[in-house]
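So the chains spell out like this:
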Amino acid sequence: MEAVLEKQSYMLIGRHDIEKLMRFDPASAYLPNSPGQSNMVNNASGAESVEIESELSELLFNLRPIKQENLIRDDNKLILLASLSDSLEYVADSIERLGKITSHSSNQGADKAKTLASFADDYRKLAIDCLKVLRVEMKLETIFHMQEMTNREYLEDQDAEEPDDFVIALTAQITRRDEEMAPFVAVVKQNYIFGGICSIAANASIKALADMKSINLFGVQQICRNSIALEQALAAIPSIDSKAVQQRLDHVRTYYELLNMPFEALLAFITEHENLFTPAEYANLLKANIPGREIPPDAQDRVSYILSH
């Protein structure tokens, strides 16, 4: 309790809308089975999975700006939560085994077994809550760092050799926390804790364009460099699907590289790839302030026409 008290991640996992989405999120298949849950989550299709993910992202993005004091900044407390989850699950399994032995011993044993099963469920639920806090915490940390992209100018004057400082800080944190938690959590649980970072980072990068003051060719390169650094850090986590990470962050790079295209070429791309980005995301490409780029006055109408036919 001391580790999570008054922290945003702990409060959020108890919020009805977020709790419900987390329950149906296919990633929860990595959790130990909670009471009455079974693995119904595995039935979600790819499209439903993306839908759940984007709804969850949207709810978390609405909390911006994320403040540092609302995050669990002490790595030791996060390691404590990871090891606590592991211990609680071990206790739940032990109680469950004891319950099975008791139920065979006498008539009274059946009642005792029910009580023990209820205890086991409580411990397992606590173990799951620890993992949920860690997953949400890593998502909030990602938004906290990535929100630095907004309301700034990406007018760079040379090739991007290094990622932005906030990306260096985020990738170092991901690597450090993964290494420190590894002894306490199984690989599938590591996947659960760190597996939500990529989609949040990708969504945050694409959303950031709408709030950027201006961006130039070198600015686009800088954002692509950031996404490569993130991809490398996430792909290095043994439990993470590196192909999926590459796919998500390639999507970000494709989006920003569209800013380098003349309008007619962009129009041709949209005609060929209507569903690659949302209408709002395509609209933000046109609204972006890029020094020297010419966009005709009817640009938005022409794009809307393509997307509606």
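The name an unreviewed UniProt entry assigns to the protein is Exocyst complex component Sec8, from the organism Salix viminalis. In UniProt, the protein has this text filed under Sequence similarities (unreviewed entry): "Belongs to the SEC8 family." Under the UniProt heading Function (unreviewed entry), the entry covering the protein gives this text: "Component of the exocyst complex involved in the docking of exocytic vesicles with fusion sites on the plasma membrane."

Asker: Any details on the overall build of the protein? Residues and values, ideally.
Answerer: Secondary structure assignment for the protein yields 13 helices and two strands. C-alpha atoms of the protein, sized along the principal axes, occupy 85 × 40 × 30 Å. Put simply, the protein has 309 residues, and 47% of those count as buried. Put simply, 78% of the contacts in the protein that link residues at least 6 apart link residues at least 24 apart. A total accessible area of about 15,700 Å² is found for the protein, and carbon and sulfur atoms account for 52% of it.

Asker: Could you give an account of the packing of aromatic side chains, with specific residues and numbers?
Answerer: Scanning all chains against the criterion turns up three aromatic pairs. Each ring, one from tyrosine 255 and one from phenylalanine 277, has its centre 4.9 Å from the other, and the planes form 50°; the classification is tilted. Residue tyrosine 255 is located in helix α10 (residues 242-257), and its partner phenylalanine 277 is located in the loop between α11 (263-272) and α12 (279-287); the two are separated by 22 residues in the primary sequence. Phenylalanine 277 shares its class with tyrosine 255; the two are buried. The ring of tyrosine 192 has arginine 135 sitting right over it, with the charged end atom 4.8 Å from the ring centre.

Asker: Before we move on, could you go through unusual backbone geometry and cite the residues and values that matter?
Answerer: Look at the link from arginine 64 to proline 65: it is a cis peptide, with omega at 0°. Examined against the element boundaries, proline 65 turns out to sit in the loop between α3 (46-61) and α4 (75-105). Notably, asparagine 151 is not glycine yet its phi reads approximately 50°, a positive angle. Tracing the backbone shows asparagine 151 in the loop between α5 (107-146) and β1 (153-154).

Asker: A description of the confidence of the model for the protein should follow, citing residues and the corresponding values.
Answerer: Scored by pLDDT, the protein has a mean of 91; 95% of the residues are at 70 or more. A low-confidence stretch, residues 35-41 stays under pLDDT 50, and its non-local contacts, those more than four residues away or across chains, total 13 contacts.

Asker: An account of the layout of surface pockets is needed here, citing residue identities and associated values.
Answerer: Considering only enclosed or pocket space, the largest pocket measures out at about 580 Å³ in volume. Along the wall of the largest pocket there are 21 residues; nearest its centre are Ser54, Asn203, Ile206, Thr278 and Glu281. Of all the secondary structure elements, the ones that give two or more residues to the lining of the largest pocket are α3, α8 (197-211), α10 and α12. Of the residues belonging to the lining of the largest pocket, the class tally is eight nonpolar, seven polar and six charged.

Asker: How would you sum up the packing of α11 against helix α13 (residues 299-308)? Please name residues and give values.
Answerer: Here α11 crosses α13 at 20°, and the two axes come no closer than 10 Å. Taken together, the axes of α11 and α13 lie roughly parallel to each other. When you trace α11 past α13, the crossing you get is right-handed. Contacts between α11 and α13 involve Phe263, Glu264, Leu267, Ile270 and Thr271 from the first element and Ala299, Arg302, Val303, Ile306 and Leu307 from the second.

Asker: Tell me about α12, and please be specific about residues and values.
Answerer: Restricting attention to buried positions, one finds in α12 the residues Tyr282, Ala283, Asn284, Leu285 and Leu286. Packing partners of the buried residues in α12 comprise α8, α10, α11 and α13.

Asker: Residues and numbers for empty space enclosed by the protein, please.
Answerer: Over the atoms rolls a probe the size of a water molecule, and its path tells where empty space is left. According to the stated counting rule, one finds two cavities of 30 Å³ or more in the structure shown. By volume, the largest cavity is sized at about 50 Å³. Lining the largest cavity are Ile18, Met22, Asp25, Leu56, Leu60, Arg135, Val136 and Lys139. Among the elements of the structure, α2 (16-24), α3 and α5 are those that each provide at least two residues to the lining of the largest cavity. The element contributing the most residues to the lining of the largest cavity is α5, with three residues. Of the residues belonging to the lining of the largest cavity, the class tally is five nonpolar, no polar and three charged. When its volume is computed, the second largest cavity comes out at roughly 30 Å³.

Asker: Hey, could you go over the side chain of serine 214 for me, with residue numbers and the actual values?
Answerer: Looking at where serine 214 falls in the secondary structure, it is placed in strand β2 (residues 214-215). A residue is classified by how much of its surface remains accessible, and serine 214, at 5% relative accessible area, is buried. Excluding residues that lie within four positions of it along the chain, serine 214 makes contacts with Arg152, Glu153, Tyr154, Leu155 and Asn289.

Calculation rules
Residues numbered from 1 in each chain as written. Predicted model: local features only at pLDDT ≥ 70, side-chain atom pairs only at ≥ 80, totals over all residues. Heavy atoms only, no water. UniProt positions renumbered as here; feature names shortened; annotations may be inferred. Helix = DSSP H or I, 4+ residues; strand = E, 2+ residues; numbered from the N terminus. Buried < 20%, exposed > 50% of the residue type's maximum accessible area, 1.4 Å probe, protein only. Contact = heavy atoms within 4.5 Å. Areas by Shrake-Rupley, 256 points an atom, 1.4 Å probe, with all protein chains shown as cover. Phe/Tyr/Trp six-rings, centres within 6.5 Å; stacked < 30°, edge-to-face > 60°. Lys NZ or Arg CZ within 6 Å of the ring centre and 35° of its normal. pLDDT = per-residue confidence, 0-100. 1 Å grid on protein atoms, 1.4 Å probe; cavity = no way out; pocket = protein on both sides within 12 Å on 5 of 7 lines; lining within 4 Å. Points joined across faces, edges and corners; volume = space filled by probe spheres on them. Nonpolar A, V, L, I, M, F, W, Y, C, P; charged D, E, K, R; others polar. Axes fitted to C-alpha atoms, helices over the stretch in contact; angles between N-to-C directions. Parallel < 35°, antiparallel > 145°, perpendicular 65-115°, else oblique. Left-handed = near helix turned anticlockwise from the far one by under 90°.

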